[in-house]
Amino acid sequence: MTQQLETTVCIAGGGPAGIVAGLILARAGVDVVVLEKHADFLRDFRGDTVHPSTLNLLDQLGVGAQAKAIEHSELSSLDAVIDGIRLKAVDFTTLPAPHPYVTLMPQWDLLTLLAEEARAQSSFRLVLEATAQSEIQENGRVVGVKASTSDGPIRVTAALTVAADGRDSAVRDSLGLVPHDYGVPIDVLWFRVPRPTKPMPDTLANIRGGSALVTIPRPGYFQCGLLIRKGTFPEFQKAGIEAFRHTIASIAPRLTEVTAEIGSFDDVKLLSVQINRLHKWWVPGALCIGDAAHAMSPAFGVGINYAIQDAVALANILVPALRTKGTDAAAIDEACAALQRRRALPTALMQRMQRVAHRLINRATRGVVLHNPPQLRERFVIAVVLPRLRPILARIVGYGFRPERIARGILRPRA
Ligand SMILES: Cc1cc2nc3c(=O)[nH]c(=O)nc-3n(C[C@H](O)[C@H](O)[C@H](O)COP(=O)(O)OP(=O)(O)OC[C@H]3O[C@@H](n4cnc5c(N)ncnc54)[C@H](O)[C@@H]3O)c2cc1C
């Protein structure tokens, strides 16, 4: 038998966008149901960066101290080593207190914390192992979703349905919304290696001899990402794991002693990098946020942050509408349109910046980026241009183009 649930807002997807939206809406007293297809939040690496604007948000929600108690590391700058020359590309210490750094913590731990916080609200329901499949329509308006669960089918009716089910969003597809794809020339191969015995300074990007390796410092290990030309993973597999280990060691020689820990290609996950976004984020009764509306590249690690910013903006716009006009359909649709108006430009600007970064990386993998020792023009860029750019980049990367804060009066006292 089909189980029926009724709510004000039904959110498909319990990732950063869905859980944060659910939490803030519930804290505002709005009845919310979040459907998450997995049984918990523990899954493959999907990015661990928590940017200063998200750290500020955690403080606003009163969970900053609990988040800080999760095992994490803090990065106060993003350094790159290009053909042997170390450059400080982004310096977060130029940002104001209390969070002049990016935190790296397991995404599943943070989501578990936020979901627990949300569950403390009587207006919040999280249904795990519930896969949203398609929307329910009535008179040309979306009025909820159908989902399959381990206990059988479920039907959730809602005044607003939010697709926060990620870059392969099934709900977005069922709404007939198709994102515009901006071709990306690179893929990333993610894997981890233990930290070498000789301490290595925190370095985000290593570029050498036309190859680029990201090394994200984590307690006890490095989360690494090798940037490759799109579609060339099979070539790496064909060349074998020993050749792969050799490639890693040649880009980051300090990792040579630990590359043997990459046992086989089972330890290496392919991320097909995408940049896309919807032309229209909503239809009457339903809205897409986070990766469902705009898949971000891992460049600058802002995907999680941008998904969360959508969630905050949604709450800031929707809650006043619900409080003044109830579940009036026109008011809800106007809130969806307003959300898109607010978030489309910062998203487009960040995606533009990511595309420029891809072009630079692509160029870097074809020839010399920086001479060692640097030539006169390069010395000028390093000594004069970069120091002026650093604080600007810190703001853009740390906060995004339009940072969101929960508006005054939205949150009710914490349960
Ligand atoms: C390998 C990898 C590395 C990345 N690295 C970084 C990084 O370092 N920093 C960064 O900021 N971003 C990174 N990203 C991007 C980042 O993960 C996303 O931008 C961000 O998670 C988007 O959040 P979201 O909530 O919109 O979607 P997601 O995080 O994708 O969450 C969607 C949720 O919906 C659930 N779901 C999916 N389909 C359904 C359905 N039909 N019904 C119910 N639930 C469903 C999923 O299980 C998931 O929990 C990375 C991504 C990948 C894949």
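Scroll up to find the structure this text is about.
Residues numbered from 1 in each chain as written. Predicted model: local features only at pLDDT ≥ 70, side-chain atom pairs only at ≥ 80, totals over all residues. Heavy atoms only, no water.

1. A short note on the overall build of the protein chain
Here comes step 1: Within the protein chain, the regular secondary structure consists of 10 helices and 20 strands.
Here comes step 2: Whereas a compact globule of 415 residues would reach a radius of gyration of roughly 22 Å, the protein chain reaches 22 Å, a difference of no more than 12%.
Here comes step 3: Taking the principal axes of its C-alpha atoms as reference, the protein chain extends roughly 65 × 45 × 40 Å.
Here comes step 4: Evaluated residue by residue, the protein chain yields a buried proportion of 57% over its 415 residues.
Here comes step 5: Look at the contacts in the protein chain between residues 6 or more apart in sequence, and 75% of them connect residues 24 or more apart. (Helix = DSSP H or I, 4+ residues; strand = E, 2+ residues; numbered from the N terminus. Rg over C-alpha atoms; globule rule 2.2 N^0.38 Å. Buried < 20%, exposed > 50% of the residue type's maximum accessible area, 1.4 Å probe, protein only. Contact = heavy atoms within 4.5 Å.)

2. Here we look at helix H4 (residues 107–119)
Here comes step 1: Taking 1.5 Å as the rise per residue, H4 with 13 residues should run 18 Å; its terminal C-alpha atoms sit 18 Å apart, in good agreement.
Here comes step 2: Listing the buried residues of H4 in full gives Gln107, Trp108, Leu110, Leu111, Leu113, Leu114, Ala115, Glu117 and Ala118.
Here comes step 3: Elements that come into contact with the buried residues of H4 comprise helix H1 (16–27), strand S3 (49–50), helix H2 (52–60), helix H3 (64–69), strand S8 (124–128) and helix H8 (303–325). (Expected span 1.5 Å × (residues − 1).)

3. A word on helix H10 (residues 376–399)
Because the α-helix completes a turn every 3.6 residues, residues three or four places apart line up on one side.
Here comes step 1: Under the 1.5 Å per step criterion, the end-to-end length of H10 is 34 Å for 24 residues, consistent within 8% with the ideal 34 Å.
Here comes step 2: If you check which residues of H10 are buried, you get Glu378, Leu386, Arg390, Ala394, Ile396, Val397, Gly398 and Tyr399.

4. Side note on the packing of aromatic side chains
Here comes step 1: Considering all chains together, one arrives at 4 aromatic pairs under this definition.
Here comes step 2: Plain terms: the ring middles of Phe233 and Phe265 are 5.9 Å apart, the flat faces sit at 75° to each other, and that makes the pair edge-to-face. Pair noted here: Phe233 is in helix H6 (residues 233–239) and Phe265 is in the loop between helix H7 (241–251) and strand S17 (269–271), with a separation of 32 residues, a long-range link. Here Phe233 and Phe265 have matching classes, each one buried.
Here comes step 3: The rings of Phe191, Phe233, Phe236, Phe244 and Phe265 are connected pair by pair, giving a single aromatic cluster.
Here comes step 4: Just above the ring of Tyr221 sits the side chain of Arg192; from NZ or CZ to the centre is 3.9 Å.
Here comes step 5: Here the guanidinium or amino end of Arg343 rests over the ring plane of Tyr306, the centre of that ring lying 5.4 Å away. (Phe/Tyr/Trp six-rings, centres within 6.5 Å; stacked < 30°, edge-to-face > 60°. Lys NZ or Arg CZ within 6 Å of the ring centre and 35° of its normal.)

5. Points about the site of the ligand
Here comes step 1: Within the structure, the ligand sits among 30 residues, and Glu36, Arg43, Arg46, Thr49 and Gly301 are positioned closest to it.
Here comes step 2: A distance of 3.2 Å is found between an oxygen atom of the ligand and a backbone nitrogen or oxygen belonging to Pro16.
Here comes step 3: The contact in question runs from an oxygen atom of the ligand to an N or O atom on the side chain of Glu36, over 2.7 Å.
Here comes step 4: When the free accessible area of the ligand is taken as 990 Å², the share hidden by the protein chains comes to 91%. (Near = heavy atom within 4 Å. Polar contact = N/O pair within 3.5 Å; in protein donor to acceptor, adjacent residues only side chain to side chain. Areas by Shrake-Rupley, 256 points an atom, 1.4 Å probe, with all protein chains shown as cover.)

6. So, the environment of Glu257
Here comes step 1: Within the secondary structure, Glu257 is located in the loop between H7 and S17.
Here comes step 2: Counting along the chain gives 104 residues from Glu257 to Ile361, while the straight-line C-alpha distance between them is 27 Å.
Here comes step 3: With residues up to four places along the chain from it excluded, the contact list for Glu257 reads Pro196, Thr197 and Lys198.
Here comes step 4: Here Thr197 takes part through its side chain, which lies 3.0 Å from a polar atom of the side chain of Glu257.

7. Considerations on unusual backbone geometry
Here comes step 1: Following Ala97, the chain continues into Pro98 via a peptide bond in cis, with omega recorded as 10°.
Here comes step 2: Examined against the element boundaries, Pro98 turns out to sit in the loop between strand S6 (85–91) and strand S7 (102–104).
Here comes step 3: Within the chain, Glu129 stands out as a residue other than glycine whose phi angle is a positive 50°.
Here comes step 4: Residue placement: Glu129 occurs in the loop between S8 and strand S9 (130–138).
Here comes step 5: Not every positive phi belongs to a glycine, and Phe300 is a case in point at roughly 70°.
Here comes step 6: Note that Phe300 resides in the loop between strand S20 (286–288) and H8.
Here comes step 7: Here Phe300 falls in the partly exposed class, since its relative accessible area comes to 27%.

8. Here we look at the environment of Arg27
Here comes step 1: Mapped onto the elements, Arg27 comes out in helix H1.
Here comes step 2: Overall, Arg27 belongs to the buried group, its relative accessible area being 6%.
Here comes step 3: In the structure, Arg27 is positioned 93 residues away from Ala120 in sequence and 9.3 Å away in space, judged by C-alpha atoms.
Here comes step 4: Among the polar contacts listed, one links the side chain of Arg27 to the backbone oxygen of Leu61, at a separation of 3.2 Å.

9. Observations regarding the state of the cysteines
Here comes step 1: A complete count under the given rule lists 0 disulfides for this structure.
Here comes step 2: Here Cys10 stays unpaired: no disulfide links it, and the sulfur of Cys288, its closest cysteine neighbor, is 13 Å away.
Here comes step 3: Just so you know, Cys336 is unpaired, no disulfide at all, and the nearest cysteine sulfur is the one on Cys288, 9.7 Å from it.
Here comes step 4: Exposure remark for Cys336: the relative accessible area of 1% places this residue in the buried category. (Disulfide = S-S within 2.5 Å.)

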